[in-house]
Structures are given as C-alpha cells and as structure tokens.
Amino acid sequence: MKYAYYPGCSLHSTGKEFDVSIRAVCDKLGVELVEIENWVCCGATMGHNLSRLLAASLPMTNLARLPEMGLDEVIVPCAECFSRFKAAQHSVKTDKKLRRDVVEVIHKDCNEDVGIIHPVTIFAEEPLASRIPGLVKRDLSGLKVACYYGCLLTRPPKITGFDVDGYPESMDRVLRAAGITTLEWSRKTVCCGGSLALSKPDIVVNLSHKIIEDAKSAGADAIAVACPMCHANLDARQDDMEKTFGVHPRMPIVYFTQLMGYSFGLSPEELLFDRHLTEVDSIFGLAR
Amino acid sequence: MTEEIITLKEKSFKLGEAVAAVSDIDVSFCYQCGKCSTGCPVAYAMDLTPTQLIHAMQLGLHDVVYKSNTMWLCVSCLTCSTRCPQDVDIPGAFDAVKILMERNKETPREPDVLAVTKSFAQNLRWFGRMYELGMVGVIKLRTRKFTQDLGMGMKMLKKNKFNLLPGFEGAWETRKIFRRVKKQEKA
Ligand code: SF4
Ligand code: SF4
C-alpha cells in the first residue's frame, strides 16, 4: 500500500512526535508514505479568515502534485490540514467560478478527485484493522484512554465524510485493536478552543480544562488525540489551568499513533514521548 | 442584547448581499431557531449569540454587526453549521464579515485575533510554511503583550518543540499564490 503524505507545518515542528509515530506505525503495518515534495502550508484558520480564494488555492496547489507522483490518495494527519483540504476540494467542486479562479492562481489544473484520508480512518478499516492485533508486543489492557476527536476531523460530516460526527468510534476501534482499553465519555468532539490559543488563551484554558476534567471523571489515565492543535491546547495549557482553577490536572496527552507504536513494542524514546510538556511516564507503569 | 426599536432602511439590506458576494453564503435562510447558539462553546464570552449576529446581518445592521466581538471569538469549530436545520454556514458568514471589515478598514473589537491572523499571513508570505518562533515574535510586536504565555513558551523551547531556523521550501510558490489572489480579488 502506497500513499502520498502531507505532514503540514505542525508535524515538522511542534507536533514532530505525531509525524515520527505515524511513520513508525505505517512502517510496521506495511504502508508506504511518500511525502509531497515542496508542499506549502494549507493556510489553516488564517486562510479562510482572510480570503475564500486563498483558502481554496493553498490546499489545491498541494493536491495538484499528486498526478506527477502517480498517486491518487493522500494521507493528512493534522486535523486542521485535513479539514482545510476537504473544504477546499468541496468548494471547487461546488463553485465553478471559484474553480476557475483557483486554476488562475495556482497555474495548475484543479485536481478535485484526490482521496483525502485521515490515518485514523485507514487504520480503522480493512485491510489494516485486522493487521493491528498481530503486531501487539506489549500488554496495555490496564491503560484506560479517552479518545478525543475534536472538531475538524468530524465536522461537517457531509464534507469530511468521517465516522459519526457526534459520537465517533474509529479511534477507539484502532486503540482497542492494539489492546488498549478505551472509555465512553461525553466530550469526544467538543471544541478545545483551537486557534484562539495565541490570541485568547483564557478561553482555550477554560474549554480545554472542561475536556480534561470530563476525561478524568470517566477514569482516564491519558487522553489520545489526532491533531497537533488539540494536543498543544490540552498538553501545554495545564500549568495555566492550575493557575486558573487551583489544581494541576496532570493528565498525559498523547497522539493515538504513539500509543499504537508503544503497543507494537517501540521504545518511548523512538516515539518521542519525552517531548510533551505534561509528564506521560505514568503510562509506562501501566504496561504489563 | 436589549430590545430596542430599529428602523430599517433600503440600503441596509446590502450587508447580506455583500456577505454573499465574498462567501457564497445566503444568511437569509436563517429563521432564528437558536440551535447554533445553544451548542456554541464560546457563546459565554460573546456579546451577541451567533443567532443574534446572523439576525443583525439579515437586517443589515452594520453598526451592530461591526461592533460585535462574536465573529472574532468564533473558533470555527463548526458545531453550529453542522446542526443548523437551514444549512447556514455560520462561521463562513462570520469570516465574510471579518473580510468586509478588513476591506472597509473597520476597527475590530478583538484586535489581538486579527493581529494573529495577519502575523500568520505575513509568516507564510515569507517562508511558505509556518515558522513558529518567527510568528510568535511578530505577534508579540503586533499585540504588544510581551509577557503573555512566556512561561509556556520557555517550556516548549526547552522541549525542543520549535525549529530554531525557518525553512524556505515552498516559499516562492506561496508568495506567487498570495500575489495572484490579491490581483484576482481586485479585478
Ligand atoms: S441554527 Fe441556523 S436557522 Fe437556527 S438560528 Fe442558527 S443560523 Fe439560524
Ligand atoms: S463555529 Fe463559531 S459560532 Fe459556530 S459553534 Fe463554533 S465557535 Fe460557535
């Protein structure tokens, strides 16, 4: 199995552990990832805040590279990038004038039929889903994880085509296949505050704190995420939560691919578990 | 919002048209059911609920709309647009208002939010990809909040979270895209 791969900006910097763990897990599962050469930023929130044409052009110029690579499906792990790619594709499909403008801007044809895939989805589906149990090397059944999906993977369902928007299960299925216990809880898709992190940190601290508290009351030892922005908000804001609410949550926040890799026997160092701001060592004590 | 009597003028309906022109979104479909506001995670901090802001857009109340902090606090989580029975793209309409305000040089109620957006755009024009350290520096200069998040930033630096130097892959192409978008939008 071979796919084009678009890591996006965060996976090359603050979210490097997501990039490294996806590559490691794909390697074990026999999936080959070919990074798109000289990819450019998807535009994130800035793009659609400033211009609809810009927001469509940045993802489409990346997708236009796939034919040269001889591939027609791209794996996009960052939820923000995934959402921008899906939205751009949808907007050029439904708005002919916009499509013409995008072609003018990117000087390439619009490649709107590319498959845009999130890694959670391919891992949760066949043929990969049934390969996962065979790769398990560590018994993590004692580890209780709350899977947090956030906003942009799941919404709007008619555009992302991802699982069920209100109560998705695919990440839970993947982690359970890797022998990890996952929990039922109510804030799976409630927003963490996203891109307000840099301008309105108090709102982010408030929203993210509610998510962590909910996972805690469901009995979680850790929260698994699939988005570098959710990760940063939940992980790096815990000191601020202590300042605002009096108690430090001390909740490990990890990428779901790091947990898969750990279950597959990779070492914590290989999976860059030490890059999180909140300690995650308590997880290792639960492995049997 | 307190209740008050408002007089509608012919020209006030132009706001809805202007929004449709930049976003392809027709806010007139909204019938004020309130579902968007019920689910909005940030509604507690907004001066108008999403429903009220959409209503003000329908009525063409420029002043009410432009003075609101609602669209600036919206995080585009898409909870509302997923639930809206009338299929209104609420955050998309808010984006359109922000774009119109920028074009008409209106002052935003939440200048820091706009400052971050602009810093991000500048960053991409320079580097083609996000260069976090550079962007944080520009944000600090634009918002003049030098100590905000300093502790977290230092911790992230220590954890080696940031690339110390920018790359330039894709910078050339991004700059061309920005330039052509600007040209197209002027035309
Ligand atoms: S959910 Fe839709 S129809 Fe209902 S108030 Fe909000 S925008 Fe209007
Ligand atoms: S997209 Fe904006 S308005 Fe809609 S629910 Fe989310 S924060 Fe509220």
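Residues numbered from 1 in each chain as written. Chains lettered and ligands numbered in written order. Predicted model: local features only at pLDDT ≥ 70, side-chain atom pairs only at ≥ 80, totals over all residues. Heavy atoms only, no water.

## A closer look at the interface of chain B and chain A
Then comes step 1: On the side of chain A, 59 residues touch chain B, which itself brings 53 residues to the contact.
Then comes step 2: Here chain B is connected to chain A by five salt bridges.
Then comes step 3: The closest approach of N and O atoms between B:Glu173 and A:Lys108, which form a salt bridge, is 3.2 Å.
Then comes step 4: Contributing elements (two or more residues each) for the side of chain B that touches chain A: helix H1 (14-23), helix H5 (70-73), helix H6 (79-83), helix H7 (90-103), helix H8 (111-127), helix H9 (132-143), helix H10 (150-158) and helix H11 (171-186) of chain B.
Then comes step 5: Broken down by element, the side of chain B that touches chain A gets its largest block of residues, eight residues, from H11(B).
Then comes step 6: Residues belonging to the side of chain B that touches chain A are distributed by class as follows: 25 nonpolar, 12 polar and 16 charged. (Contact = heavy atoms within 4.5 Å. Salt bridge = Lys/Arg side-chain N within 4 Å of Asp/Glu carboxyl O. Helix = DSSP H or I, 4+ residues; strand = E, 2+ residues; numbered from the N terminus. Nonpolar A, V, L, I, M, F, W, Y, C, P; charged D, E, K, R; others polar.)

## Quick notes on the side chain of A:Arg84
Residue and element names in this part refer to chain A.
Then comes step 1: Summarising the element assignment, Arg84 is placed in helix H6 (residues 79-94).
Then comes step 2: Despite its burial, Arg84 pairs with no opposite charge, the nearest such side chain being Glu80 at 5.1 Å.
Then comes step 3: With near-sequence residues (within four places) excluded, Arg84 lies in contact with Cys42, Ala44, His48, Ala55 and Pro59. (Buried < 20%, exposed > 50% of the residue type's maximum accessible area, 1.4 Å probe, protein only. Lys, Arg positive; Asp, Glu negative; His and termini not counted.)

## What about the site of ligand 1?
Then comes step 1: Close contacts around ligand 1 come from B:Cys30, B:Tyr31, B:Gln32, B:Cys33, B:Gly34, B:Lys35, B:Cys36, B:Thr51, B:Cys84, B:Pro85, B:Gln86 and B:Ile90, and that covers them all.
Then comes step 2: In terms of residue class, the shell around ligand 1 is made up of seven nonpolar, four polar and one charged. (Near = heavy atom within 4 Å.)

## Quick notes on the pattern of salt bridges
Then comes step 1: Across all of its chains, the model carries 21 salt bridges over all chains by this definition.
Then comes step 2: Here the residues in one salt-bridge network are A:Glu169, A:Asp172, A:Arg176 and A:Lys188, joined through shared partners.

## Remarks on the packing of aromatic side chains
Residues and elements named next belong to chain A.
Then comes step 1: Tallied over the entire structure, the rule returns nine aromatic pairs over all chains.
Then comes step 2: Ring geometry for Phe18 versus Tyr255: centroids 4.4 Å apart, planes at 10°, classification stacked. With Phe18 in helix H2 (residues 16-29) and Tyr255 in strand S8 (residues 253-255), the pair connects residues that are 237 residues apart, well separated along the chain.
Then comes step 3: Taking the relative accessible area as the measure of exposure, Phe18 reaches 0% and is therefore buried.
Then comes step 4: A residue is classified by how much of its surface remains accessible, and Tyr255, at 1% relative accessible area, is buried. (Phe/Tyr/Trp six-rings, centres within 6.5 Å; stacked < 30°, edge-to-face > 60°.)

## Remarks on the state of the cysteines
Each disulfide consists of a covalent bond between the sulfur atoms of two cysteine residues.
Then comes step 1: One pass over the structure, following the stated rule, counts zero disulfides over all chains.
Then comes step 2: Here A:Cys227 stays free of any disulfide, with the sulfur of A:Cys230 as its closest cysteine sulfur at 3.6 Å. (Disulfide = S-S within 2.5 Å.)

## As for the environment of A:Val120
Residue and element names in this part refer to chain A.
Then comes step 1: On the secondary structure map, Val120 appears in helix H8 (residues 119-124).
Then comes step 2: Taking the C-alpha atoms as reference, Val120 lies 7.9 Å from Ala226; in sequence the two are 106 residues apart.
Then comes step 3: Beyond its immediate stretch of four places on either side in the chain, Val120 contacts Phe162, Ser170, Met171, Val174, Ala226 and Phe256.

## Overview of the sheet that holds strand S3 (residues 73-75) of chain A
Residue and element names in this part refer to chain A.
Then comes step 1: Strand order in this open sheet of four strands is S2-S1-S3-S4, and the pairing throughout is parallel. Each edge of the open sheet is held by one strand with a lone partner, namely strand S2 (32-35) and strand S4 (115-117). This sheet shows a mean twist of 35° between the axes of neighbouring strands, independent of strand direction.
Then comes step 2: Here H2 sits on the sheet in contact with strand S1 (2-5) and S2, set at roughly 140° to S2. (Pairing = 2+ DSSP bridges. Axes fitted to C-alpha atoms, helices over the stretch in contact; angles between N-to-C directions.)

## Here we look at the environment of B:Ala93
Residue and element names in this part refer to chain B.
Then comes step 1: Mapping Ala93 onto the fold places it in helix H7.
Then comes step 2: Assessed through its relative accessible area of 0%, Ala93 is described here as buried.
Then comes step 3: For Ala93, the contacting residues outside a window of four places in its chain are Val19, Ile25, Val27, Ile54 and Met57.

## Some remarks on the pairing of S1(A)
Residue and element names in this part refer to chain A.
Then comes step 1: When S1 meets S2, the two strands line up parallel, connected through four bridges. Paired with Ala4 across the two strands is Val34, which belongs to S2.
Then comes step 2: Where S1 and S3 come together, two bridges link them in parallel fashion. Pairing of Ala4 across the sheet is with Val74, part of S3.

## A few points about the domain arrangement of chain A
Residue and element names in this part refer to chain A.
Then comes step 1: You can read the domains of chain A as domain 1 (2-119) and domain 2 (137-284).
Then comes step 2: A separation of 24 Å is found between the C-alpha centroids of domain 1 and domain 2.
Then comes step 3: Contacts between domain 1 and domain 2 engage 27 residues on the former and 24 residues on the latter.
Then comes step 4: The contact between domain 1 and domain 2 buries some 2,100 Å² in all, and 75% of this surface belongs to carbon and sulfur atoms. (Domains from an automatic or database assignment. Buried area = accessible area lost by both parts, 1.4 Å probe.)

## Some points on unusual backbone geometry
Then comes step 1: Here the bond from A:Glu126 into A:Pro127 is cis, since omega is 5°, no more than 30 degrees from zero.
Then comes step 2: Note that A:Pro127 resides in the loop between H8 and helix H9 (132-135).
Then comes step 3: Cis geometry marks the peptide bond from A:Arg155 to A:Pro156; its omega dihedral reads -15°.
Then comes step 4: Looking at where A:Pro156 falls in the secondary structure, it is placed in the loop between strand S5 (144-147) and helix H10 (157-160).
Then comes step 5: For B:Asp87, which is not a glycine, the phi torsion comes out positive at approximately 60°.
Then comes step 6: Mapped onto the elements of the fold, B:Asp87 is located in the loop between H6 and H7.
Then comes step 7: Its relative accessible area of 54% is what places B:Asp87 among the exposed residues.

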